[in-house]
Amino acid sequence: MSQSLYERGFSVGSAGNISAAVDDVILMTPTNSCLGFLDPVKISKVTRDGRHLSGDQPSKEIFLHKAFYETRPQAGAVVHLHSTYATALSCVTDIDPDDCIPPLTPYVVMRVGQVKLLEYVRPGDEKAGDLIRALGGHYAAVLLANHGPVVTGKDISSAVYAAEELEETAKLLLMLRGLPKRMLSDENVVELKSVFGAY
Ligand SMILES: [Zn+2]
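Residues numbered from 1 in each chain as written. Predicted model: local features only at pLDDT ≥ 70, side-chain atom pairs only at ≥ 80, totals over all residues. Heavy atoms only, no water.

- Going by what an unreviewed UniProt entry lists, the chain is known as 3-oxo-tetronate 4-phosphate decarboxylase and is assigned to Rhizobium viscosum.
- Taken from UniProt, the Function (unreviewed entry) comment for the chain reads in full: "Catalyzes the decarboxylation of 3-oxo-tetronate 4-phosphate to dihydroxyacetone phosphate (DHAP) and CO(2)."
- According to the UniProt record, the Cofactor (unreviewed entry) comment for the chain is "Zn(2+)". (UniProt positions renumbered as here; feature names shortened; annotations may be inferred.)

What follows is the structure, encoded as structure tokens:
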């Protein structure tokens, strides 16, 4: 799936990282790896408190992933991308920080839910992990200002699909900026959550 994200331009160079939590360990893409060319034997294996067990060293952004696993027990995987449209939206100054990917289509509600915009933090500064922890697990996805999205799912495919849905919705929101548009109503959102459930 990481190769597919790379081939379709959701991740360039060594940007972006993916992890999965399996029992008491986290499997994580290695530092400086490219999502298009992962070597299975180099996948990093660490304990949930970050102790390196095998494979290459994990991505330097592992603290973003750990913060979600610590606060959202239902999260089985985390995807972090610097995908173009979501990152563009993360630089826009007049978006609602509590709902920065508003309910434009049913699928973004079903797959991603409400998305919180987190203030800009220098890459590698573990304060970004503290900001995620402070959300108490109430959000399945966040957008790091001027950086990109961090998206969780119950497993790798759900997290990847949610990251793709977030990216496509960010693209639609930017295409529609300045145009009169109809968003889903609160009733629409409640109906979707009651029929399809909320992750
Ligand atoms: Zn990043």
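1. Considerations on the UniProt feature "domain: Class II aldolase/adducin N-terminal" (unreviewed entry) in the chain
Next up, step 1: Per the UniProt record, "domain: Class II aldolase/adducin N-terminal" (unreviewed entry) is found at residues 1-174.
Next up, step 2: Measuring from the first to the last C-alpha atom of residues 1-174 gives 26 Å, for a span that is 31% helix and 20% strand. (Helix = DSSP H or I, 4+ residues; strand = E, 2+ residues; numbered from the N terminus.)

2. Examining the coordination of the zinc ion
Next up, step 1: Around the zinc ion, the protein contributes the donor atoms Glu-61 (OE), Glu-61 (OE), His-80 (NE2), His-82 (NE2) and His-147 (NE2), at 2.0 to 2.7 Å from the metal centre.
Next up, step 2: Summarised as a motif, the one-chain spacing of the donors to the zinc ion is E-x18-H-x1-H-x64-H. (Donors = N, O, S within 2.8 Å, 3.2 Å for Na, K, Ca; no water.)

3. So, the packing of aromatic side chains
Next up, step 1: Taken as a whole and assessed by the stated rule, the structure comprises 1 aromatic pair.
Next up, step 2: With centroids separated by 5.5 Å and ring planes inclined at 65°, the aromatic side chains of Tyr-6 and Phe-37 adopt a geometry described as edge-to-face. In this pair, Tyr-6 sits in helix 1 (residues 2-7) while Phe-37 sits in the loop between strand 2 (25-28) and strand 3 (44-47), placing the two residues 31 residues apart along the sequence. (Phe/Tyr/Trp six-rings, centres within 6.5 Å; stacked < 30°, edge-to-face > 60°.)

4. Points about the sheet that holds strand 4 (residues 52-54)
Next up, step 1: An order of 4-3-2-1-5-8-7-6 is seen for the 8 strands of this open sheet, with the pairing classed as mixed. Of all strands in the sheet, those bounded by a partner on one side alone are strand 4 and strand 6 (115-118). Strand-to-strand twist across the sheet, computed as the mean angle between neighbouring axes with direction ignored, equals 20°.
Next up, step 2: Pairing of strand 7 (residues 141-144) with strand 8 (residues 148-153) involves 4 bridges; the strand directions are antiparallel. Its bridge partner lying in strand 8, Leu-144 is registered against Gly-148. (Pairing = 2+ DSSP bridges. Axes fitted to C-alpha atoms, helices over the stretch in contact; angles between N-to-C directions.)

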